Amino acid sequence: MRIVNDDDFVLVHRVDEYTAQRLTLAFDDFSIGYQFENFGEGRVSYLYDSEIMPTDKTLYVRYGDFSTAMGIASQIEQEIERERQGEPEEFEEMPRKKRILVQSLSVVAFLLLVMLAVFGADAIANWIRGLMQ
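Along each chain, residues carry numbers from 1 onward, in the same order as the chain's sequence is written. Side-chain atom pairs in this predicted model are given and counted only at pLDDT of 80 or more, local residue features only at pLDDT of at least 70, and totals for whole chains, interfaces and linings cover all residues. Side-chain numbers here rest on the full set of heavy atoms in the structure, without hydrogens or water.

**A few points about the pattern of salt bridges**
Thinking step 1. Here, a salt bridge means any side-chain nitrogen of Lys or Arg that lies within 4 Å of a carboxyl oxygen of Asp or Glu. Tallied over the entire structure, the rule returns five salt bridges.
Thinking step 2. We note a salt bridge from E79 to R22, for which the minimum N-O separation is 2.6 Å. You can see E79 sitting in helix α2 (residues 66-85) and its partner R22 sitting in helix α1 (residues 17-29), a full 57 residues away along the chain.
Thinking step 3. Here the salt bridges do not stand alone but share partners, grouping R22, E79 and E83 into one network. By the criteria applied, helices consist of DSSP H or I runs no shorter than four residues and strands consist of E runs no shorter than two, each listed in order from the N terminus.

**Structural notes on α2**
Thinking step 1. The span one expects for a helix is its residue count, reduced by one, times 1.5 Å. Its 20 residues place the ends of α2 28 Å apart at the C-alpha level, agreeing with the 28 Å of an ideal helix rising 1.5 Å per residue.
Thinking step 2. The rule is simple: take the accessible area with a 1.4 Å probe, protein chains only, and divide by the maximum for that residue type; under 20% is buried, over 50% is exposed, in between is partly exposed. Inspection of α2 places A69, I72, A73, I76 and I80 among the buried residues, and these make up the whole buried set. Each buried residue of α2 sits inside an arc of 100° when the element is viewed along its axis, so together they form one side. Away from the buried face of α2 by more than 90 degrees, exposed residues S67, R82 and Q85 are located.
Thinking step 3. Any two residues whose heavy atoms approach within 4.5 Å at even a single point are treated as in contact. Tucked into the core, α2 has its buried residues touching β1 (9-15), α1 and β3 (57-62). Working definition: the arc comes from the directions between the helix axis and the C-beta atoms, pointing outward to the latter.

**Some points on the confidence of the model for the chain**
Thinking step 1. The pLDDT score gives, residue by residue, the confidence of the prediction method on a 0 to 100 scale. On average, the chain scores 83 in pLDDT, and the residues at 70 or more come to 83%.
Thinking step 2. Element-level pLDDT for the chain is lowest in β1, with a mean of 81, against a maximum mean of 95 in helix α3 (residues 96-132).

**Topic: the sheet that holds β1**
Thinking step 1. Reading across the sheet, the three strands line up as β1-β3-β2 and stay open at both edges, with antiparallel pairing between neighbours. The strands lining the two open edges of the sheet, one partner per strand, are β1 and β2 (34-38). On average, adjacent strands in this sheet sit at an angle of 25° to one another, irrespective of strand direction.
Thinking step 2. Relative to β3, β2 is paired through five bridges, and the arrangement is antiparallel. Residue pairing in the sheet places N38 in a bridge with K57 of β3.
Thinking step 3. This element, α1, spans β1, β2 and β3 of the sheet and lies at about 165° to β2.
Thinking step 4. Lying over the sheet, α2 contacts β1 and β3, oriented at roughly 10° with respect to β1. Two strands form a pair only when DSSP identifies at least two bridges running between them. Here, axes are lines fitted to C-alpha atoms. For helices the fit covers the stretch in contact, and angles between N-to-C directions go from 0 to 180 degrees.

**Topic: the packing of α1 against α2**
Thinking step 1. In contact at an axis separation of 10 Å, α1 and α2 are set at 135° when each is read in the N-to-C sense. When the interaxial angle is binned, α1 and α2 end up oblique. In this structure, the crossing between α1 and α2 has a hand that is right-handed. On the side of α1, the interface is formed by Y18, T19, R22, L23, A26 and F27, while α2 contributes A69, I72, A73, I76, E77, E79, I80, E83 and R84.
Thinking step 2. Lys, Arg, Asp and Glu make up the charged group, whereas Ala, Val, Leu, Ile, Met, Phe, Trp, Tyr, Cys and Pro make up the nonpolar group; the residues left over, Gly among them, are polar. Considering only residue class, the contact of α1 with α2 consists of nine nonpolar, one polar and five charged. Oblique is the label for any angle not covered by the other classes, which are roughly parallel (under 35 degrees), roughly antiparallel (over 145) and roughly perpendicular (65 to 115). Should the near helix be turned anticlockwise from the far one by less than a right angle, the crossing is left-handed, and should it be turned clockwise, the crossing is right-handed.

Below you can see the structure in the form of structure tokens.
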């Protein structure tokens, strides 16, 4: 068993970059000793995990400030969770006739672009063939 001093840093948990910025401001206000490290630094993983982002950080705090830091961290995480849950965006349903018109115009525009590309490539090929003769 290892004896931990008050100046030793202990692992708290992994946080995203936005949470790390918010925690930095809060810890500076309360004079809490902390450090962040890149989460994946020094590790090689061949398995994809959609929950882990390359910008994630691992949070370490001084052992003497651990309980205060955990209280602040949980409060900040609750605030961020409330911010992220906010009101969902409301989209207006497009009327059926307008939606059909927009879809039809999109198909026509796509076909015109394909025709333009084919005819343009054909014209360029004929022009190059004419230069060769």
